[in-house]
Amino acid sequence: KVHEHEWRLQYHVAPIANWMNDPNGFCYFKGEYHLFYQHHPYVPKWDTMYWGHVKSKDLVNWEHLPPALAPGETYDKDGCFSGSAIEKDGKLYLMYTGNVWTGENYDEDLKQVQALAVSEDAVRFEKLEENPVISEAPKGEDIHPFHFRDPKVWKHEENYYCVLGSKTHDNIGQVLLYRSKDLLNWEFINIIAKGEGNFGYMWECPDLFELNDKDILIMSPQGVKPEGNLYQNLHQAGYVVGELDYVKGNLSYGEFELLDYGFDYYAPQTMLDNKDRRIVIAWMDMWESKMPTQEHGYSGAMTLPRVLELKNNKLITSPVKEIEQLRTNEVSYEQLKLINEMSLTDVEGDCIELDVTFKMKQPATFGVRLRVDDSLGEETVFTYYGQKGILEFDRNESGKGPGGVRKTKIMLEENKLHLRIFIDKSSIEVFINEGEQVMTGRIYPSINSNKISFFSDEEIEISELKKWELKRSI
Ligand code: FRU
């Protein structure tokens, strides 16, 4: 039975009960999207990991299925950790990390190996007799023997490849590349990326894929230190754009960029669907965050599925088009004059999409307050500081959850700021200027905090404003 209350998300994947973290095995198989996830089925806290499972025909309406993987073998008895999915000979293979604790210290006393499970119907999975298929980390190089996890597998020409999250003996995050002809026998090729400078003590959940003739490597570094307005979480998810030499296993790549500039975004995983779209989904929470839904028996959620495109060597992110089928009761305005504060009686809500374009003549400070209840002093505020070119996401007064402020630099073209805002009962995702950047965060307001208001210190224009209620799909 679903635990119903005011924070239950209406159109985002979340567990019916208990714990969820990373997306796993995101794939398109025999006409359906499958999404697995790190799951603990007994308490709403991280513990021995299972793979939870949902599927969908359209990435919008999801159906819950029984857990796909449960721990129990000698090599995975303390958890089926993150991994990915691939189709071979009409069957669906899950490649995951088997985790075993060897002592009391969870940072040091562990043994991780890579294993496979297979299914014909994508519902019942059997672990292979050959497991583990990668039984130890490569020796003879600066590779930590135990922190060795999260295989992401893909096919390139005749071979299968996988990347694995790793670190050096001195705690520098890195990514390992492997090759296989049959998914069973794996050959280590090379360390393809390493966190020079401020990029964490371990790289989790790597993902490598091709987009517009480039090779993009996504990873989730743990323990990145704040730098200006960047990297405000202890963990971050980001990417580099490069070119992979598949023979030598060399990846030449540019700067590390964030995939999301908000509070809650980790362990993103991508898949290629039958329409050739590269779709990414991520855990819409963060390890160090307070999670008030735990009191209601569950915690963790996924972001909206988002399409990735590459423009000027940067990833552009937009919600999948299918989400528009949830729109209802459209409200639309044009050319509204905005000075001081303004609200509209039919623009409010806690399960809505808001599409707003601000236009200014000279730099102004303006923005939007969401999930507002003035009598309680609750609000979640997005402010654009025109002089500095900074967009700020402030959730300090958002309700019961964790507070904080996130900032990002946004350069405007033609003095226009376009925000596409998705509000679900306890989440906000803001796509900025056609997906140039995204800010995601969980918030836990009171049940009646539904008002919206716009504000500006100079006269500006809201050239377009649209609002839809979004129907429940989960
Ligand atoms: C990332 C992660 C993975 C690991 C999983 C365990 O959030 O730490 O590296 O496989 O979660 O649940």
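Above this text sits the structure in question.
## What to know about the nonpolar core
Core analysis: the largest hydrophobic core is formed by 57 residues, its most contacted members being Phe358 and Phe454. With five residues, the single largest contributor to this core is strand β32 (residues 451-470). Ranked by size, the runner-up nonpolar core spans 20 residues in total, among them Ile134, Tyr160, Tyr178 and Ile191.

## Side note on the pairing of strand β15 (residues 238-245)
Burial analysis of β15 places six of its eight residues in the buried class, which makes it a mostly covered element. In the sheet, strand β14 (residues 214-222) pairs with β15 via five bridges, with the strands oriented antiparallel. Counterpart to Ile216 in the pairing with β15 is Val241. Here four bridges tie β15 to strand β16 (residues 250-253), and the two strands are oriented antiparallel to one another. Looking at β16, one finds that Leu244 is bridged to Leu251. Between β15 and β16, which follow one another and run antiparallel, lie four residues, and Gly249 among them has a positive phi close to 75 degrees.

## Some thoughts on the layout of surface pockets
If you roll a probe as big as a water molecule over the atoms, it shows you where there is empty space left. Approximately 820 Å³ is the volume attributed to the largest pocket. Lining the largest pocket are 29 residues, with Ile316, Met411, Asn433, Glu436 and Gln437 positioned closest to its centre. Among the elements of the structure, β17 (257-258), β22 (314-319), β29 (416-424) and β31 (437-442) are those that each provide at least two residues to the lining of the largest pocket. With four residues, β22 is the largest single contributor of residues to the lining of the largest pocket.

## Some thoughts on the sheet that holds strand β21 (residues 306-311)
The strand order across the open sheet formed by four strands is β18-β19-β21-β22, and the pairing between neighbours is antiparallel. Pairing within the sheet leaves two strands with one partner each, and these edge strands are β18 (266-272) and β22. Adjacent strand axes in the sheet meet at a mean angle of 35 degrees, parallel and antiparallel pairs treated alike. Judged from the five bridges that link them, β18 and strand β19 (residues 278-283) form a sheet pairing that is antiparallel. What sits directly across from Tyr266, in β19, is Trp283.

## Some points on the environment of Ala68
Within the secondary structure, Ala68 sits in strand β4 (residues 62-69). Put simply, Ala68 and Phe26 are 42 residues apart on the chain and 13 Å apart in space, counted from C-alpha to C-alpha. Here Ala68 is in contact with Phe36, Trp51, His53, Leu94 and Phe125, once residues within four sequence places are set aside.

## What to know about the packing of aromatic side chains
All chains considered together, the criterion is met by 25 aromatic pairs. A centroid spacing of 5.4 Å and a plane angle of 85 degrees characterise the contact between Trp7 and Tyr444, whose relative ring orientation is edge-to-face. Here Trp7 is found in the segment before β1 (18-29), whereas its partner Tyr444 is found in the loop between β31 and β32, with 437 residues between them in sequence. A single burial state applies to Trp7 and to Tyr444, both of which are buried. Consider the rings of Trp101 and Tyr106, whose centres lie 3.8 Å apart with planes at 5 degrees: the pair is stacked. What makes Trp101 buried here is its relative accessible area of 19%. Sitting over the ring of Tyr298, Arg8 keeps its end group 3.9 Å from the ring centre. Between the NZ or CZ atom of Arg395 and the centre of the ring of Phe263, over which it lies, the distance is 3.7 Å.

Rules behind the numbers
- Residues numbered from 1 in each chain as written.
- Predicted model: local features only at pLDDT ≥ 70, side-chain atom pairs only at ≥ 80, totals over all residues.
- Heavy atoms only, no water.
- Core = buried A, V, L, I, M, F, W, Y, C linked by side-chain atoms within 4.5 Å.
- Buried < 20%, exposed > 50% of the residue type's maximum accessible area, 1.4 Å probe, protein only.
- Helix = DSSP H or I, 4+ residues; strand = E, 2+ residues; numbered from the N terminus.
- Pairing = 2+ DSSP bridges.
- 1 Å grid on protein atoms, 1.4 Å probe; cavity = no way out; pocket = protein on both sides within 12 Å on 5 of 7 lines; lining within 4 Å.
- Points joined across faces, edges and corners; volume = space filled by probe spheres on them.
- Axes fitted to C-alpha atoms, helices over the stretch in contact; angles between N-to-C directions.
- Contact = heavy atoms within 4.5 Å.
- Phe/Tyr/Trp six-rings, centres within 6.5 Å; stacked < 30°, edge-to-face > 60°.
- Lys NZ or Arg CZ within 6 Å of the ring centre and 35° of its normal.

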